[in-house]
Amino acid sequence: MGSPAKGLESLPPPPPVIPSDIVPLQVPEASKKVKAPQRLPMARPGVGKAGKEIDLLANHFKVYVSKTNDDYFHYNVALFYEDGHPVDGKDIGRRVIDKVQATYASDLGGKRFAYDGEKSLFTIGSLPSIKFEFTVVMEDTSLNRIGGHDHDGSPEASDRKRMKRPYRSKTIKAEISFAAKIPVQSIANVLRGQQSEHFQEAVRVLDIILRQNAANQGCLLVRQSFFHNNPGNFVDLGGGVLGCRGFHSSIRATQRGLTLNMDVSTTMIVKPGPVVDFLLTNQNVKDPHQVDWNKAKRMLKNLRIKTNHSNIEYKITGLSDLPCGQQTFDLKQKGGGQEGNEVQSVEITVFDYFVNHRGISLHYSAEFPCINVGKPKRPSYLPLELCTLVSLQRYTKALTNQQRATLVEKSRQKPTERMDILRDALRTNNYNADPLLRSFAISIDNQFTEVRGRVLPTPSLKVGNNKDFYPRNGRWNFNDKKLVNPVTIQTWAIVNFSARYDRRNLCNTLLRCAEMKGINLNSTFEVFEEICQVSREPASYRVDKMIEMAKSKLLAPPQLLLCILPERKNSEIYGPWKRKCLVELGVPTQCIAPIKINDQYITNVLLKINAKLGGMNSSLKMENSTFFPLVPKIPTMILGMDVSHGSPGRSDVPSIAAVVSSRNWPSVSHYRASVRTQSPKAEMIANLFNPVSDTKDNGIISELLDDFYNSSGKKPDQIIIFRDGVSESQFNQVLNMELQQIIEACKFKDVNWSPRFMVIIAQKNHHTKFFQRNSPQNVPPGTVVDNSICHPRNYDFYLCAHAGMIGTTRPVHYHVLHDELGFSADELQELVHSLSYVYQRSTTAVSLVAPVCYAHLAAAQMGQFMKFDEMSETSSCHNGVTSAAAVPVPEMPRLHKYVHNSMFFC
């Protein structure tokens, strides 16, 4: 032990003495405040009891996990070539890891892997070490990066090397390193109704195990669905596109324990076969000379082909600039010099090389571009007719209306047929014989889950002359009935863009049906016909000319413009016409493109017109009744919120957020909409609260609150929010970002005002289906399920409000995230069920509550305006920027003051 003096010397110097006149600074109280706790989805307060009980089966299959005391170990995976470049291509990763597992089984403790095909690998129990580096040799030519070659890029060189070494080897380094430990017990905790931070990761492991099962069978994997290469599952949609039937599979936590939710799923794939056949079909031409090769280049990029002469697979990177008969490359040959061993380069066409040097007969390739499977600077060309598209390649472009209609028609199944398909799939997959599932101690039952459902009473509706009536099977009609609140239309006109139009029949039927429904439609009106010469001009010009013609004859803006479009679907006139009427003129408009004019068609048109002009077609009998759950007693505003995104692959198109709100309280049938653009693909609504000064809020909610107050004479004490289009991983964002914005918008109006809130997510994009136990029919409308296959803790329920006439009914999955209103389960389910009967566009109960349907319509219709704005610098400064994102987003044009409170979206 050292001396005391030496020990003292090693100590740090004493702190400086603080002078007596120095007063330490106090920490402000505000900085001591603890951040408000984050809102979490609420727990289920109880289950409903109303309605008639019904025995159902659900496509959930019990999952058993035995080793609950073990841990899943998560490892990161990184794959590199010898030169240090990362390995690309999802299909390669699985083969590399399979080779690692087979080659180094003893080093890895004999563990089986659940691998996601990219950067994550899971085991049950740990591997012997926290980090591994393995080297494997993959003897497979398709491992080349992007299908390129490691030589001069000529077809001669690539083929010659292949002949010498049929299977070129690639050395790949695999790095596997420990990332996290996930207790299996977290699953059991959630099933007991407890919160668990590791549950989602644990379920992800189970889902990856199922994906690997499908990958081992050679399936195409698309998120949580898998698709076998079975031509019996293909449906031709036209245009070189096939619908491919497969299966969705995901692990769910339910009140009955873990279940496998398995359902029939469909994706689109490129039709396999000769590339030229695909191009002819895709572009709807009969001869390769008619192919648009620029369009073909965009369509073929990144698709995989096999060559007929060598059966080797490549990825297409482009097309040659010149036809095969003119596209040249340098052919390297021996034969120069005295010894004849020098290598000489001779310029030769791709066509000549394959015909004269390879002896391959080519019939039509000389006139058309070559397929490039190399890199831009090192191309490698193949003649068109030697290339065949391989199967199970996703088609990710937007479908045409005809393709979509064919897909819907061909891919639906009746309930009993769907059940049979699922039973066969479970038998085929034979999960319980899978060694990987066994090693993770997982087994899956093959019996559908028994569920107790309830059929809620159908709400009574009110129609004209104060009459009540009950819809039957979720449907009704207006035969011998008048609308509950029909409008009077004194001034209106018809504008006709169509050459095919039976004017007399349309007008007579319109006037007659209007009278039958109680609408007072003036029999005197103007008709404006488009001039033939103008019909060949751009759509916006045609619209402007039509408006000029109408203005020249009409003394004042009419109450309605009925527009006859030239095409039934995707008319280029629609967007410019709607924008002109709703933004610039402030005139409600109804567009039609009648193929067959009859009373039913015209009545449906009149329902839309009546709602747009402020009328009401039918209403709930209970709207003004004290029996209706809490809404008529306390001023209540109902919001429907949705975000619409651009087509797949269009990252430059702004997303459109729409929020509709109820008005004229205590009515729950009247709505108006507020729509904004925001950053592309952004799911959270960005402009609910947007203060631009101490007294001015330009946000969506402020606009809707003002309208509620002006139409109802009261501020809402309760706000019920229905949010569409978000997944479970985004629930916390809805609660802590969107709800917070709405609360702040209310506080901005009045700091002392604190309305109560309820937040409900409406999900239609899920895979739970219900089947009647002893009937081939769909479940009856009004069927609600809040037990068995619902969440063990969270507050959710399924509702089939509508009558499924074709295919298998898909229920809407409602998640109640937040409730300060104190509704009982029965009261809430009655409210949601009733809101499916106030949709003014149809005479059926709709699957989703009407406010969400309206939000979707409003976003879609306003989105038509954006199609005719050039997405450029000139349009991006259109009324300023609405998004907080770095990229400027063109602002949605605001509706004219005469129509902005209307149900223009009906």
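Because the structure is predicted, anything quoted here is derived from the model rather than measured.

A. Spatial organisation of the overall build of the chain. Helices and strands together make up the secondary structure of the chain, namely 21 helices and 41 strands. Across the 906 residues in the chain, those meeting the buried criterion constitute 53%. Of the contacts made within the chain by residues no fewer than 6 positions apart, 72% connect residues no fewer than 24 positions apart. Accessible surface for the chain amounts to roughly 42,800 Å². Of this, 49% is attributable to carbon and sulfur atoms.

B. Spotlight on the pairing of strand E35 (residues 671–678). Summarising burial for E35: eight of the eight residues are buried, a large majority. What you see with E35 is no split at all: Tyr671, Ala673, Val675 and Thr677 on one side and Arg672, Ser674, Arg676 and Gln678 on the other are buried throughout. For strand E34 (residues 655–662) and E35, the ladder comprises eight bridges, and the chain directions are antiparallel. Residue pairing for E35: Ala657 is matched across the bridge by Arg676.

C. Representation of unusual backbone geometry. Geometrically, the link from Trp665 to Pro666 is a cis peptide bond, its omega value of 15° lying close to zero. By the secondary structure assignment, Pro666 is in the loop between E34 and E35. Located in the positive-phi region is Asn466, a residue other than glycine, with phi close to 60°. Its location among the elements puts Asn466 in the loop between strand E24 (461–463) and strand E25 (467–469). On the basis of relative accessible area, Asn466 is assigned to the exposed category, the value being 60%.

D. Representation of helix H8 (residues 293–300) in the model. Those residues of H8 not exposed but buried are Trp293, Ala296, Met299 and Leu300. Projected down its long axis, H8 shows its buried positions confined to an angular sector of 115°, all on one face. Facing away from the buried side of H8 by more than 90 degrees, the exposed set consists of Asn294 and Arg298. Looking at the packing, one finds that the buried side of H8 touches helix H7 (275–282), strand E16 (318–323) and strand E19 (369–372). A distance of 3.1 Å separates the backbone nitrogen of Asn294 from a side-chain oxygen at the start of H8, and that oxygen is part of Asp292. Where H8 ends, the next residue or the one after it, Asn302, has phi of about 75°, a positive value.

E. Main features of the side chain of Glu738. Of note, Glu738 is situated in helix H18 (residues 731–749). Every residue in contact with Glu738, bar those within four places of it in the chain, is listed here: Met641, Glu683, Met684, Ile685, Leu688, Arg723 and Gln733.

Reading the values: rules and limits
- Residues numbered from 1 in each chain as written.
- Predicted model: local features only at pLDDT ≥ 70, side-chain atom pairs only at ≥ 80, totals over all residues.
- Heavy atoms only, no water.
- Helix = DSSP H or I, 4+ residues; strand = E, 2+ residues; numbered from the N terminus.
- Buried < 20%, exposed > 50% of the residue type's maximum accessible area, 1.4 Å probe, protein only.
- Contact = heavy atoms within 4.5 Å.
- Areas by Shrake-Rupley, 256 points an atom, 1.4 Å probe, with all protein chains shown as cover.
- Pairing = 2+ DSSP bridges.
- Arc of directions from axis to C-beta.
- Polar contact = N/O pair within 3.5 Å; in protein donor to acceptor, adjacent residues only side chain to side chain.

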